[in-house]
Number of protein chains: 2
Amino acid sequence: PFLLAQLQPGDYVGFTFFIGSMAMLASTVFFFVQMTRVEGKWKDSLLVSALITGIAAAHYFYMRSFWAENQTSPTEFRYIDWILTVPLMCVEFYLILKPYGAKQSLMWRMIFWSVWMLVTGYLGETVFRSQSAIWGAISTVGYAFIAYDVWFGGARKLANSSADPNLQNAMRILGWFIFVGWAIYPIGYMAIEGGLLSGVLPVKAMDLIYNIGDAVNKIGFGLVIYSLAISSNQKLQ
Amino acid sequence: PFLLAQLQPGDYVGFTFFIGSMAMLASTVFFFVQMTRVEGKWKDSLLVSALITGIAAAHYFYMRSFWAENQTSPTEFRYIDWILTVPLMCVEFYLILKPYGAKQSLMWRMIFWSVWMLVTGYLGETVFRSQSAIWGAISTVGYAFIAYDVWFGGARKLANSSADPNLQNAMRILGWFIFVGWAIYPIGYMAIEGGLLSGVLPVKAMDLIYNIGDAVNKIGFGLVIYSLAISSNQKLQ
Ligand SMILES: CC1=C(/C=C/C(C)=C/C=C/C(C)=C/C=O)C(C)(C)CCC1
Ligand SMILES: CC1=C(/C=C/C(C)=C/C=C/C(C)=C/C=O)C(C)(C)CCC1
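The residue numbering used here restarts from 1 in each chain and proceeds along that chain's sequence as written. Each chain takes a letter, starting from A, and each ligand takes a number, starting from 1, following the order in which they are written. Totals for whole chains, interfaces and linings use every residue, but because this is a predicted model, local features are given only for residues with pLDDT of at least 70 and side-chain atom pairs only at 80 or more, for both listing and counting. Heavy atoms throughout the structure, all of them, feed into the side-chain values; hydrogens and water do not.

A.B. asks: A description of the site of ligand 2 should follow, citing residues and the corresponding values.
C.D. replies: All names here are of chain B. Near ligand 2 there are 17 residues, and of these Ser139, Trp182, Tyr185, Asp214 and Lys218 occur at the shortest range. Contacts described as polar in this section are N or O atom pairs within 3.5 Å, which, within protein, must combine one atom able to donate a hydrogen with one able to accept it, while residues neighboring in sequence count only if both atoms come from side chains. Separating an oxygen atom of ligand 2 from a side-chain N or O atom of Tyr185 is a distance of 3.4 Å. Between an oxygen atom of ligand 2 and a side-chain N or O atom of Lys218, the distance comes to 3.0 Å. In DSSP terms, a helix is any run of H or I states spanning at least four residues, a strand is any run of E spanning at least two, and both are numbered starting from the N terminus. Mapped onto the shell around ligand 2, the elements with two or more residues apiece are α3 (75–97), α4 (104–127), α5 (132–151), α8 (184–190) and α9 (203–230). Following the grouping adopted for this structure description, the nonpolar residues are Ala, Val, Leu, Ile, Met, Phe, Trp, Tyr, Cys and Pro, the charged ones are Asp, Glu, Lys and Arg, and the polar ones are all others, Gly among them. Split into classes, the residues belonging to the shell around ligand 2 amount to ten nonpolar, five polar and two charged. We call a residue near a molecule or strand whenever a single non-hydrogen atom of that residue lies within 4 Å of it.

Written as structure tokens, this is what we have:
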């Protein structure tokens, strides 16, 4: 029946759900295929990139159908996606730093803060909406720890001591993804009713920003790691 | 329910939706398999060819169901497809010219103009329909820059300086794809209500032309690159 639900001209949110779902799927295929071609030490990273965009693709197909039928997109789907994909992005940092001595503790630390960030953010956005400011602040602590790790903390220090300019460059770009790309999510949070930016950004605008941001954050993130894998004259097979 | 919607004899648009979807799918399988057999430097190009026809296949399956149910095909689906596949075709130019010194800036320049062309074209076709002529002209600027690049600009110059007759031949054919094959889309645009060719071409005729044109432009484009990859006695594995 969802095929009867027609995309209306100017329904940019519906549009970006369609484009996003297909872009995520195509990227997943891309990362899977390239995984078979890069040097062994990069295969895990590309596999995880494929899982991240693959999970997102499945969610986007679901969300796009939901949108086509109901012209709305429940927040829960976003958090369902994030709780799986954001920790996997943290795993990516561990994987690219492992050849330079990253310990599993770095991975668990980042995963912990990402789960902290998402669980408390979800509580503030839905269950305890009237105290959303406090929960948002608690959530931001997790975001800040992750950003700190990548910009100045353990993760960055490993990259700096690696003496590999490609790795350092990738870490710098990924740092910007976290600082700028990820910032759209707390901004969207502040745009909810009762939030600091409430009324400034209409809810539909946020869905549009999320759809574009998700594609950049997930596909772009994977492409940075792919570039790293094929840099320094590492030949593809 | 869409299986209950039957193709009528003489429903050429419905016909070509079915044929197109299967042709795109078969080509995708072909490009994926041949990708594993061509020399390393061509693998990326064949992978991208497979992604282009694969994305189109997914969209064609969707559009054919939509057509079977509703006897119409919203413009939005075409643009959703183009916004992903046309930039990927621009990536193809970069990939085949990379062994001859193409820089990433060539790729980003072409992607930029393709997105420019499609976004402004969409706005003129739907949201600002009453000013479709102006938006069409703005869109054509992007088309012209891409065509110029391939016929006379940076892309062509790299091919000329490559001293590889196979590459030069492929570039010439791809140039014709852009000049003639792609020209059906702006012609279709002019056939919309209020356009320069309005009334000359009925809307159903345009769907038919798009369906045939898409197959030629996407599968043909990929086949040109495949021929290039197996030319000059490069042995398949
Ligand atoms: C700081 C903060 C948040 C951060 C969310 C983030 C940073 C989500 C990242 C999602 C990603 C990277 C998705 C990938 O596509 C919340 C939970 C909105 C709640 C308010 C405070
Ligand atoms: C110039 C121009 C256009 C060009 C569209 C093109 C060139 C689309 C190409 C699509 C392809 C190559 C699809 C592949 O199968 C628009 C947007 C209709 C708007 C009017 C002006």
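Let's pick the thread back up.
A.B. asks: So what's going on with the site of ligand 1? Residues and values would help.
C.D. replies: Residue and element names in this part refer to chain A. Ser139, Trp182, Tyr185, Tyr189 and Lys218 are the nearest of the 17 residues found near ligand 1. At 3.4 Å, a side-chain N or O of Tyr185 approaches an oxygen atom of ligand 1. In this description, accessible areas are obtained by the Shrake-Rupley approach with a 1.4 Å probe, and a residue is regarded as covered only by the protein chains that are shown. When the free accessible area of ligand 1 is taken as 530 Å², the share hidden by the protein chains comes to 99%. Secondary structure elements with two or more residues in the shell around ligand 1: α3 (75–97), α4 (104–127), α5 (132–151), α8 (184–190) and α9 (203–230). Partitioning the shell around ligand 1 into residue classes produces ten nonpolar, five polar and two charged.

A.B. asks: Please give an account of the environment of A:Leu174 that cites residues and values.
C.D. replies: Residues and elements named next belong to chain A. As for its placement among the helices and strands, Leu174 is situated in helix α7 (residues 165–181). Relative accessibility thresholds used throughout: buried, under 20% of the residue-type maximum; exposed, over 50%; partly exposed, between the two (1.4 Å probe, protein chains only). A relative accessible area of 0% places Leu174 in the buried class. Separated by 43 residues in the primary sequence, Leu174 and Asn217 have C-alpha atoms spaced 9.3 Å apart. It only takes one pair of heavy atoms within 4.5 Å for two residues to be counted as in contact. Ignoring anything within four residues of it in the chain, the contact list for Leu174 reads Phe93, Ile96, Phe221, Val224 and Ile225.

A.B. asks: Describe the interface of chain B and chain A, naming the residues involved and giving the relevant values.
C.D. replies: Facing the 27 residues of chain B at the interface are 26 residues of chain A. When two parts are put together, the accessible area they lose, computed with a 1.4 Å probe and summed over both, is reported as buried area. Both faces considered, chain B and chain A share a buried interface measuring about 2,200 Å² in area, 76% of it formed by carbon and sulfur atoms. When the area that chain B buries against chain A is broken down by residue, the three leading residues are B:Tyr62, B:Glu76 and B:Ile80, summing to 23%. We define a salt bridge as a side-chain nitrogen of Lys or Arg found within 4 Å of a carboxyl oxygen belonging to Asp or Glu. Where chain B touches chain A, the interface holds one salt bridge. Notably, a salt bridge pairs A:Arg37 with B:Asp44, separated by 2.9 Å at the nearest N-O pair. The interface formed by chain B and chain A includes three residue pairs in polar contact (both at pLDDT 80 or more). Breaking the side of chain B that touches chain A down by element, the ones donating at least two residues are α1 (12–35), α2 (40–70), α3 and α4 of chain B. In terms of residue class, the side of chain B that touches chain A is made up of 18 nonpolar, five polar and four charged.

A.B. asks: Break down the nonpolar core for me, citing the residues and quoting the values.
C.D. replies: As used here, the term nonpolar core means buried Ala, Val, Leu, Ile, Met, Phe, Trp, Tyr and Cys residues forming a set that is joined through side-chain atoms within 4.5 Å. Among the nonpolar cores identified, the biggest contains 143 residues, and A:Ile96, A:Leu97, B:Ile96 and B:Leu97 are the most heavily contacted of them. Among the elements that take part in this core, α2(B) stands out by supplying 15 residues, more than any other. Once residues within four sequence positions are removed from consideration, B:Leu97 is found in contact with B:Ala102, B:Leu106, B:Ala155, B:Leu158, B:Ala159, B:Leu167 and B:Met171.

A.B. asks: Summarise the packing of aromatic side chains; cite the residues concerned and give the values.
C.D. replies: Here a pair means two rings of Phe, Tyr or Trp (six-membered ring of Trp) with centres within 6.5 Å. Their orientation is stacked below 30 degrees between planes, edge-to-face above 60, and tilted elsewhere. What the rule picks out here adds up to 49 aromatic pairs over all chains. Between A:Trp151 and A:Phe152, the ring centres sit 6.3 Å apart and the planes meet at 45°, which makes this aromatic pair tilted. Aromatic ring contacts, followed pair by pair, group A:Phe15, B:Tyr79, B:Trp82, B:Tyr122, B:Tyr185 and B:Tyr210 into a single cluster. Geometrically, a lysine NZ or arginine CZ counts as sitting over a ring once it is within 6 Å of the ring centre and also within 35 degrees of the ring normal. When the ring centre of B:Phe18 is taken as origin, the NZ or CZ atom of B:Arg64, which lies over that ring, is 4.0 Å away.

A.B. asks: For the side chain of B:Ser162, give the residues involved together with the corresponding values.
C.D. replies: Residues and elements named next belong to chain B. Take Ser162: it is sitting in the loop between α6 (154–160) and α7 (165–181). Given a relative accessible area of 13%, Ser162 falls into the buried group. With residues up to four places along the chain from it excluded, the contact list for Ser162 reads Tyr100, Leu167 and Gln168.

A.B. asks: With reference to specific residues and values, describe the relation of the copies chain B and chain A.
C.D. replies: Superposing chain B onto chain A takes a rotation of 70° plus a shift of 0.6 Å along the axis, which leaves an RMSD of 0.1 Å. Taken together, these values place the two copies in the relation of a five-fold axis. Interface residue correspondence from chain B to chain A reaches only 7%, placing this contact among heterologous pairings that use different surfaces. The fit set for superposing copies consists of C-alpha atoms from residues with pLDDT of at least 70 in both; the fit itself is least squares.

A.B. asks: I'd like a description of the packing of α7(B) against α9(B), backed by residues and values.
C.D. replies: Residues and elements named next belong to chain B. Their axes nearest at 9 Å, the elements α7 and α9 cross at an angle of 175°. As summarised for this structure, α7 and α9 are arranged roughly antiparallel, according to the angle between their axes. Together, Asn166, Leu167, Ala170, Ile173, Leu174, Phe177 and Gly181 of α7 and Val216, Asn217, Gly220, Phe221, Val224 and Leu228 of α9 make up the contact between the two elements. Of the residues contributing to the contact of α7 with α9, the split by class is nine nonpolar, four polar and no charged. In this analysis, axes come from line fits to C-alpha atoms, helices being fitted only over the stretch in contact, and the angle between any two N-to-C directions falls in the range 0 to 180 degrees. Throughout this description, any angle smaller than 35 degrees is read as roughly parallel, any larger than 145 degrees as roughly antiparallel, any in the 65 to 115 degree range as roughly perpendicular, and the remainder as oblique.

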